[in-house]
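The chain contents come next:
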Amino acid sequence: LQKQLATLSREKSALEARLATEKAAVEAQLARVQNENQNLAQEVKQKEKEKVQLEAMLEQEQEYITNRLQKQIQQAGDGRRDLEMQVREVDQKLFEEHEKLLRKEKEKVDLENQLEQEQEYISNRLQMKIVQVQAEKAALEQKLADDEELLQEKVKELVLQYVSAYIASSASSHSSSPVNSP
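**Brief notes about the overall build of the protein chain**
Part 1: Helices and strands together make up the secondary structure of the protein chain, namely two helices and zero strands.
Part 2: Viewed in the frame of its principal axes, the protein chain has a C-alpha envelope of about 160 × 15 × 15 Å.
Part 3: Counting only residues that meet the buried cut, the protein chain has 9% of its 182 residues in that class.
Part 4: Look at the contacts in the protein chain between residues 6 or more apart in sequence, and 87% of them connect residues 24 or more apart.
Part 5: Here the protein chain displays about 14,700 Å² of accessible surface, and carbon together with sulfur accounts for 54% of that area.
Part 6: With 27 positive and 35 negative side-chain charges, the protein chain shows a separation of 4 Å between the mean positions of the two kinds.

As structure tokens, this is what we get:
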């Protein structure tokens, strides 16, 4: 019985050690997820910084285009042909610059959409990781509770067997002792 108790004690120690190992693994995984979250947050900040830079470049490009077109208009000569020709050139350049502006605005919208999608993807991925880690934690806690309950049941059985054996051995030693008759 003592061997069984010692065995159970070793099993309990082994289970506790395994639980501590699994708990450390879960905590390490949680730390990795948190680190990944920080990395993703930095990535989002970087994308936002790039967006601001692109907007600033777009604004500078617009200002440059506007200034250049204004100078060209101011420098237009007096002659009708020259003026009509210059107007056509300006119109063509304006059209091209307008096309550039539209492309830049489209790029800006595309970048904003891409940033939003990446943020949503990162958020969803992080949420899934959190749910997964929480589920694993709950499963480990349930397993620990089940293992503890099983261990308690085994200890109760061994105690009952020990008590029964002790009572039986006490009863048999009293009944088998010879009675001295006078």
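Here the narrative resumes.
**Focus: empty space enclosed by the protein**
Part 1: Here the structure, examined in full by the defined rule, presents one cavity of 30 Å³ or more.
Part 2: The space that makes up the largest cavity amounts to roughly 30 Å³.
Part 3: Elements with a contribution of two residues or more to the lining of the largest cavity: helix H1 (2-74) and helix H2 (80-176).
Part 4: Split by residue class, the lining of the largest cavity holds two nonpolar, no polar and four charged.

**Notes on a negative patch on the surface**
Part 1: On the surface, Asp 146, Glu 149, Glu 153 and Glu 157 cluster together into a negatively charged patch.
Part 2: Of note, Asp 146 is situated in helix H2.
Part 3: With a relative accessible area of 38%, Asp 146 lands in the partly exposed category.

**Quick notes on the pattern of salt bridges**
Part 1: According to the stated counting rule, one finds nine salt bridges in the structure shown.
Part 2: Here Glu 22 makes a salt bridge to Arg 18, at a shortest N to O gap of 3.4 Å. Here the residue Glu 22 and the residue Arg 18 both occupy positions in helix H1, the gap between them amounting to four residues, near one helical turn.
Part 3: Taking relative accessible area as the criterion, Arg 18 reaches 36% and is therefore assigned partly exposed.
Part 4: In this structure, the salt-bridge partner of Asp 147 is Lys 143, at a minimum N-O distance of 3.4 Å. Taken together, the residues span about one helical turn, with Asp 147 and Lys 143 both in helix H2 at a distance of four residues.
Part 5: The network of salt bridges with shared partners includes Arg 68, Glu 97 and Lys 100.

**Thoughts on the environment of Glu 27**
Part 1: Along the polypeptide, Glu 27 turns up in helix H1.
Part 2: Since its relative accessible area comes to 47%, Glu 27 is described here as partly exposed.
Part 3: Considered as a pair, Glu 27 and Lys 137 are 110 residues apart in the sequence and their alpha carbons are 9.3 Å apart.

**Concerning a nonpolar patch on the surface**
Part 1: A contiguous nonpolar surface patch, about 690 Å² in accessible area, is contributed by Leu 1, Leu 5, Val 155, Val 159, Tyr 162, Val 163, Tyr 166 and Ile 167.
Part 2: With six residues, the single largest contributor to the nonpolar patch is H2.
Part 3: Here Val 159 lies in helix H2.
Part 4: Of the residues examined, Val 159 reaches a relative accessible area of 43% and is grouped as partly exposed.

**Side note on the environment of Val 90**
Part 1: Residue position: Val 90 is located in helix H2.
Part 2: Its relative accessible area of 14% is what places Val 90 among the buried residues.
Part 3: Measuring from C-alpha to C-alpha, the distance between Val 90 and Ala 25 comes to 68 Å, with 65 residues separating the pair along the chain.

**Quick look at the side chain of Glu 97**
Part 1: With respect to the helices and strands, the residue Glu 97 is situated in helix H2.
Part 2: The class of Glu 97 is buried, set by a relative accessible area of 6%.
Part 3: With sequence-adjacent residues up to four places away left out, Glu 97 is seen in contact with Ile 65 and Arg 68.

Scoring rules and cut-offs
Residues numbered from 1 in each chain as written. Predicted model: local features only at pLDDT ≥ 70, side-chain atom pairs only at ≥ 80, totals over all residues. Heavy atoms only, no water. Helix = DSSP H or I, 4+ residues; strand = E, 2+ residues; numbered from the N terminus. Buried < 20%, exposed > 50% of the residue type's maximum accessible area, 1.4 Å probe, protein only. Contact = heavy atoms within 4.5 Å. Areas by Shrake-Rupley, 256 points an atom, 1.4 Å probe, with all protein chains shown as cover. Lys, Arg positive; Asp, Glu negative; His and termini not counted. Charge placed at Lys NZ, Arg CZ, Asp CG, Glu CD. 1 Å grid on protein atoms, 1.4 Å probe; cavity = no way out; pocket = protein on both sides within 12 Å on 5 of 7 lines; lining within 4 Å. Points joined across faces, edges and corners; volume = space filled by probe spheres on them. Nonpolar A, V, L, I, M, F, W, Y, C, P; charged D, E, K, R; others polar. Patch = residues over 30% accessible without salt bridge, like charges linked within 9 Å, V, L, I, M, F, W, Y side chains within 5 Å. Salt bridge = Lys/Arg side-chain N within 4 Å of Asp/Glu carboxyl O.

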